[in-house]
Amino acid sequence: MMKKNSIVISILFCLCCAAALSAQEASDDFGFDSEEESSSAFSIDIGGKLSFGGSFYFNDFKTFKDVQPGSLVEGKLHVHATAPMTEAYFGVKLNGKTLAPLLGKTQTVFPEQSQIAPWIDEAYLKILFSSVVITGGIQKLNWGRAESLSVLDIVNPRDKTDLTLMYAPQEMKIARPLISATVYLPYDLKLEGVYLPVFEGNRIVTGKTDRWYSQQFDRIVQTDPSFFTRAVSTVKTNTLVYSQGGGRLTAAVAGKHDFGIQYFYGRLPELAFTAEPAGGGLSPVTFTGLYNPYHHIGIDYGVGLGSVSLSAEFAANITSDLSGNNPSIYNPSLAWNIGAVYSAPLGFTFSLTATENIRIHHGSISDSYDVERGKKVTDTKLAFSVAQTLLRNSLEWKLGAIVGLEDADFCIMPGIHWQFATLLLDCNVGIFGGKKTGNFGQFSRNSFIRLTLAYEF
């Protein structure tokens, strides 16, 4: 794994050097052009952020000796080079998972080893050909139009091993190796295509006593404790068999109406499994992990009406279990999202989002080891947030909340962000509650406060 990562980093470094050399040639004016024109042809931006602080969990403070502050040091560093026809970016992140030695409590996760080194944030090279932009590297793509809880943003899997980052969903995305192309067409049309040669699913915690362990596979682990170990040995997703890709077409009409349509073929990021009796008998049962292929079709619409922005998304996720009775395959589903953002006077911003996932043929789920056994036919969430910027936008406070209707659980996320020149002070709180069986309620013991003091350069 380390050898592969070194090869990838070396290739990306060479690409950055190639971009720099190309820019230098483009900017070589042999002394005839002005200094200003020459310097504008090529530029390098080196920046980042160094933070001190981390996440502290309310439950740990019952006894001070249980507090595990982690590394207390986090950081980001990027190098961004631009030239007339090329652009290169390389960014790294340092946190409790990438710094050595790792302080605090470790986690047992699946997959055990990520395909890309976890300290790489993004690293890519862009080449511009008139109205065509081709990008290659390790990247996070944003599809869809919703401000939060998008049902169309499906290119990148998520890292679900640290839900203290729920207030920054972009940080939970896992950058993937991909090649993408964007074509700007007449009449405000834009066509995007993406190809991912290998696949990686959502990263989850598998240790039952570890923080952020989800009850999703609880009944399986209780029956077969070696389930995830077997999944590691059987699910090999770093081959072209798991390649995936798709496209997205967007259009702007009359300056305020935005439409989009997209298609994607790949694998569902949620791990599935098959159940087989060991030795041909009825018990015990062994489980083997797998990822389901699926077709994704989505449409979206957005409109700006003065200080109000409205958005809507609709998606169909079609698996091969068209009858809904295959226990090892997730049922086809429909999903929608509607949202509104209002920019009010005095620096206030209000947003409201509703989203729902509808499981097709839910009544056909009967096998006791079906991957969706015990799940409800719908999964509906409401998200609300209010924020205000003060002191010439240097201070922002925000109160957000997500409520699960079927599970009657919630997550409340207040926060304060203050920037004074190059110093940043952030305070974010996450409070989980509701039914213990809900997606949020199960983490009621993980309510936290995240404090960081950062220097940005």
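Residues numbered from 1 in each chain as written. Predicted model: local features only at pLDDT ≥ 70, side-chain atom pairs only at ≥ 80, totals over all residues. Heavy atoms only, no water.

This part covers the overall build of the chain. In terms of helices and strands, the chain carries five helices and 22 strands. Once local pairs closer than 6 in sequence are excluded, the contacts in the chain between residues at least 24 apart make up 60%. Put simply, the chain shows about 23600 Å² of open surface, and 63% of that area lies on carbon and sulfur atoms. (Helix = DSSP H or I, 4+ residues; strand = E, 2+ residues; numbered from the N terminus. Contact = heavy atoms within 4.5 Å. Areas by Shrake-Rupley, 256 points an atom, 1.4 Å probe, with all protein chains shown as cover.)

With that settled, consider the nonpolar core. If you look at soluble globular proteins, the nonpolar side chains tend to sit buried side by side. Ranked by internal contacts, the top residues of the largest apolar core, which has 44 residues, are M166, W212, F217, F227, F228 and F432. Here this core gets three residues from one element, more than from any other, and that element is helix α5 (residues 227–234). Beyond its immediate chain neighbours, meaning those up to four positions away, W212 contacts Y57, Q107, K160, T161, D162, L163, T164, V205, F432, F443, N446 and F448. Grouped together as the second largest cluster of nonpolar side chains are six residues, I116, A117, A123 and I138 included. (Core = buried A, V, L, I, M, F, W, Y, C linked by side-chain atoms within 4.5 Å. Buried < 20%, exposed > 50% of the residue type's maximum accessible area, 1.4 Å probe, protein only.)

Tracing the backbone shows F273 in strand β12 (residues 272–277). The exposure class assigned to F273 is buried, which follows from its relative accessible area of 2%. Distance from F273 to Y330, taken between C-alpha atoms, is 9.9 Å for residues 57 residues apart in sequence.

The next thing to look at is empty space enclosed by the protein. By the definition in use, this model includes two cavities of 30 Å³ or more. Estimated volume of the largest cavity: approximately 40 Å³. The wall of the largest cavity is formed by I204, V205, Y213, S214, Q216 and F217. Its residues assigned to classes, the lining of the largest cavity shows four nonpolar, two polar and no charged. What the second largest cavity holds in volume is close to 30 Å³. Tallied by class, the residues present in the lining of the second largest cavity amount to five nonpolar, one polar and one charged. (1 Å grid on protein atoms, 1.4 Å probe; cavity = no way out; pocket = protein on both sides within 12 Å on 5 of 7 lines; lining within 4 Å. Points joined across faces, edges and corners; volume = space filled by probe spheres on them. Nonpolar A, V, L, I, M, F, W, Y, C, P; charged D, E, K, R; others polar.)

As a further point, take unusual backbone geometry. The residue after F110, namely P111, is reached through a cis peptide bond having omega -5°. Locating P111 in the fold gives a position in the loop between β4 (109–110) and β5 (120–129). Despite not being glycine, S130 has its phi angle at roughly 55°, a positive value. Positionally, S130 belongs in the loop between β5 and β6 (132–139). A positive phi angle, near 60°, is found at Y187, a position not held by glycine. Locating Y187 in the fold gives a position in the loop between β7 (176–185) and β8 (189–196).

A separate point is the packing of aromatic side chains. With the rule as written, the count across this model stands at 25 aromatic pairs. Where W212 meets F432, the ring centres are 5.6 Å apart and the plane angle is 70°; that geometry is what we call edge-to-face. In this pair, W212 is assigned in the loop between β9 (204–205) and α4 (218–223) and F432 in strand β21 (residues 423–434), connecting sequence segments 220 residues apart. Consider the rings of F227 and F228, whose centres lie 4.9 Å apart with planes at 55°: the pair is tilted. There is no split in this pair, since F227 and F228 are both buried. (Phe/Tyr/Trp six-rings, centres within 6.5 Å; stacked < 30°, edge-to-face > 60°.)

Two elements, β8 and strand β10 (residues 244–253), share eight bridges in a ladder whose sense is antiparallel. Note that in β10 the partner of L191 across the bridge is L249. Hairpin connection, β10 to strand β11 (residues 257–267): the antiparallel pair is bridged by three residues, and A254 has positive phi, about 60°. (Pairing = 2+ DSSP bridges.)

A separate point is the pairing of strand β2 (residues 73–82). Judged from the ten bridges that link them, strand β1 (residues 43–57) and β2 form a sheet pairing that is antiparallel. Of the residues in β2, the one forming a bridge with F52 is V73. With eight bridges joining them, β2 and strand β3 (residues 86–94) adopt antiparallel strand pairing. Pairing of G75 across the sheet is with L94, part of β3.

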